[in-house]
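So you can see what is in the structure, the chains are spelled out below.
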Amino acid sequence: MHDIRLIRDNPEAFDAGMARRGLSPLSGEILALDEARRASILAAETAQADANKTAKSVGAAKASGDDAEFERLRALVADKKSEIAKLNDEAKALDAKLTDLLMGLPNIPGDDIPDGADENDNVEINRWGTPAAYDFKPLEHYELPAVKSGMDFETAAKLSGSRFMVLSGAVARLHRALAQFMLDVHTEENGLTETWTPVLVKEEMMYGTGQLPKFGEDSYQTTNGWWLVPTAEVTLTNIVNGVTVDDGYLPRRYVAHTQCFRSEAGSAGRDTAGMLRQHQFEKVEMVSITRPEDSVTEHNRMTCCAEDILKRLGLPYRTVVLCTGDLGFGMKRTHDIEVWLPGQNQYREISSVSLAGDFQARRMNARYKPADGGKPQFVHTLNGSGLAVGRALIAVLENGQQEDGSVILPDALHPYLRGKTRITADGDLV
């Protein structure tokens, strides 16, 4: 959501920001709606003042016994009420139209974000670890002998259709261990507060974080109006929806491990093999609520938190800054962390850490009271995967694969597996 006052004050800057997103100038249309809305409001207020003034004269005419004047004034008041109602309806309609227009426009990219058309124009800013050299052709996760008995896509398809999975045995245990490991690191070492939230939310919560109205087809809605969360970003960020917090509340850092649900309507046909892109998956999500002046530092801190998980797991990765053409709808700045998958011989996204600025806060009306007692201001919101559990599972399996079909597991996970260190080619955790 954009600040209409900033658009009024500097329409050229707004259009320049939208142009970086590939959009034509929109300030003229926005300001015309805004001017018409404000004109209707002013006309309604003027008519109301006239009606109030006339209403005072009605009583005087009645008291004086001037029936003709009384009837004339009473009819005038009735006409004014009808005019006021019409003007208020016009103002509400124009306000709704303006809000719908603004709600459908993406966030303005940060000044330091590279311009570009798509993911090919993203800029690498960090790389860690060296992909292992294999004496054999590395397999993709779903091809590994160690996991074939514990990753069942046929049964999942029978139960639910395509892009679902059933995990069992050692693979399910490893999946659970990864989530627990991530939560422990974030809560015990990174200062995040563990949070458990619903996966069903009201529609206004999806509007608050920007999934609606533009991306409704990518999520699932129940028959009674709830939405299944595509990420815990929705619930964790909306904790401050409609709230004005004290300055001392900030920064607020949350982490949650939840099921996530995405219809993937915009990615039909992509990554259909294996469990890389599923309709139902698990993610450990980080969300921070900060003061505006602290948000860029917080963004870099959150990126380091996500990267550290991969370092502890010994998984090579690279971090890129998304260009304007690949930047998410509601974000000003995003770091994508991509883990090395030897089975695909490429880096694949495992986390997006993003700064929304006040874009979501305006949609949610989330503010804070400055310590100096000044006027309440909008908070800044940030979110990031810390990490996507299923993709971490894929990376651990592929990077730990051995020529005999077994998988060596990272040292960091051994305590979560009661000292077990590998999955045999037969699928046993030993």
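All values derive from a computational prediction rather than experimental measurement. (Residues numbered from 1 in each chain as written. Predicted model: local features only at pLDDT ≥ 70, side-chain atom pairs only at ≥ 80, totals over all residues. Heavy atoms only, no water.)

(A) Looking closely at the sheet that holds strand β7 (residues 227–228). As summarised here, the arrangement of the three strands in space is β5-β7-β6, forming an open sheet in which the pairing is antiparallel. The strands lining the two open edges of the sheet, one partner per strand, are β5 (200–201) and β6 (220–221). Here β6 runs beside β7; their pairing, made up of two bridges, is antiparallel. If you follow Tyr220 over to β7, its bridge partner there is Leu228. (Pairing = 2+ DSSP bridges. Helix = DSSP H or I, 4+ residues; strand = E, 2+ residues; numbered from the N terminus.)

(B) A look at the pairing of strand β16 (residues 380–388). Counting buried positions along β16 gives nine out of nine residues, so the element sits mostly inside the fold. Here strand β10 (residues 280–290) pairs with β16 via seven bridges, running antiparallel. Residue Lys283 lies in a different strand from β16, and its bridge partner there is Ala388. By the bridge criterion, four bridges tie strand β13 (residues 346–357) to β16 in an arrangement that is antiparallel. Counterpart to Ser354 in the pairing with β16 is Asn383. (Buried < 20%, exposed > 50% of the residue type's maximum accessible area, 1.4 Å probe, protein only.)

(C) Here's a closer look at the sheet that holds strand β15 (residues 377–378). If you trace the three strands from one edge of the open sheet to the other, you get β8-β14-β15, paired in mixed fashion. Unpaired on one side and paired on the other, β8 (244–246) and β15 mark the two borders of the sheet.

(D) Structural view of the layout of surface pockets. Roughly 400 Å³ of internal volume is contained in the second largest pocket. Forming the walls of the second largest pocket are 20 residues, and the residues nearest its centre are His2, Leu6, Asn107, Ile108 and Lys332. Of all elements in the fold, only α1 (4–9), α2 (11–19), β13 and α10 (359–364) reach the threshold of two or more residues within the lining of the second largest pocket. Grouping the constituent residues of the lining of the second largest pocket by class yields nine nonpolar, six polar and five charged. (1 Å grid on protein atoms, 1.4 Å probe; cavity = no way out; pocket = protein on both sides within 12 Å on 5 of 7 lines; lining within 4 Å. Points joined across faces, edges and corners; volume = space filled by probe spheres on them. Nonpolar A, V, L, I, M, F, W, Y, C, P; charged D, E, K, R; others polar.)

(E) Geometry of the packing of helix α6 (residues 169–188) against helix α11 (residues 389–399). At a minimum axis separation of 9 Å, α6 and α11 run at an interaxial angle of 115°. In this structure, α6 meets α11 at a crossing whose hand is right-handed. Across the interface between the two elements, Val171, Leu174, His175, Leu178, Ala179 and Met182 from α6 touch Val389, Gly390, Ala392, Leu393, Val396 and Leu397 from α11. Of the residues that constitute the contact of α6 with α11, the class distribution is 10 nonpolar, two polar and no charged. (Axes fitted to C-alpha atoms, helices over the stretch in contact; angles between N-to-C directions. Left-handed = near helix turned anticlockwise from the far one by under 90°. Contact = heavy atoms within 4.5 Å.)

(F) Structural detail: the packing of aromatic side chains. Summed over the entire model, instances satisfying the criterion amount to six aromatic pairs. For the ring pair Trp128 and Tyr317, a centre distance of 5.9 Å and an interplane angle of 20° mean the geometry is stacked. You can see Trp128 sitting in strand β1 (residues 123–128) and its partner Tyr317 sitting in strand β11 (residues 317–321), a full 189 residues away along the chain. For Trp128, a relative accessible area of 31% gives the class partly exposed. Of the residues examined, Tyr317 reaches a relative accessible area of 0% and is grouped as buried. With centroids separated by 6.0 Å and ring planes inclined at 75°, the aromatic side chains of Phe181 and Tyr416 adopt a geometry described as edge-to-face. Of this pair, Phe181 sits in helix α6 while Tyr416 is found in the loop between β17 (407–408) and β18 (422–423), placing the two residues 235 residues apart along the sequence. Across from the ring centre of Phe378, 4.2 Å away, lies the NZ or CZ of Arg367, which sits over that ring. (Phe/Tyr/Trp six-rings, centres within 6.5 Å; stacked < 30°, edge-to-face > 60°. Lys NZ or Arg CZ within 6 Å of the ring centre and 35° of its normal.)

(G) Geometry of the state of the cysteines. Scanning all chains against the criterion turns up zero disulfides. The thiol of Cys304 is unpaired, and the distance to the nearest cysteine sulfur, on Cys305, comes to 7.2 Å. A residue is classified by how much of its surface remains accessible, and Cys304, at 48% relative accessible area, is partly exposed. Residue Cys305 is classed as buried on the basis of its relative accessible area of 5%. (Disulfide = S-S within 2.5 Å.)

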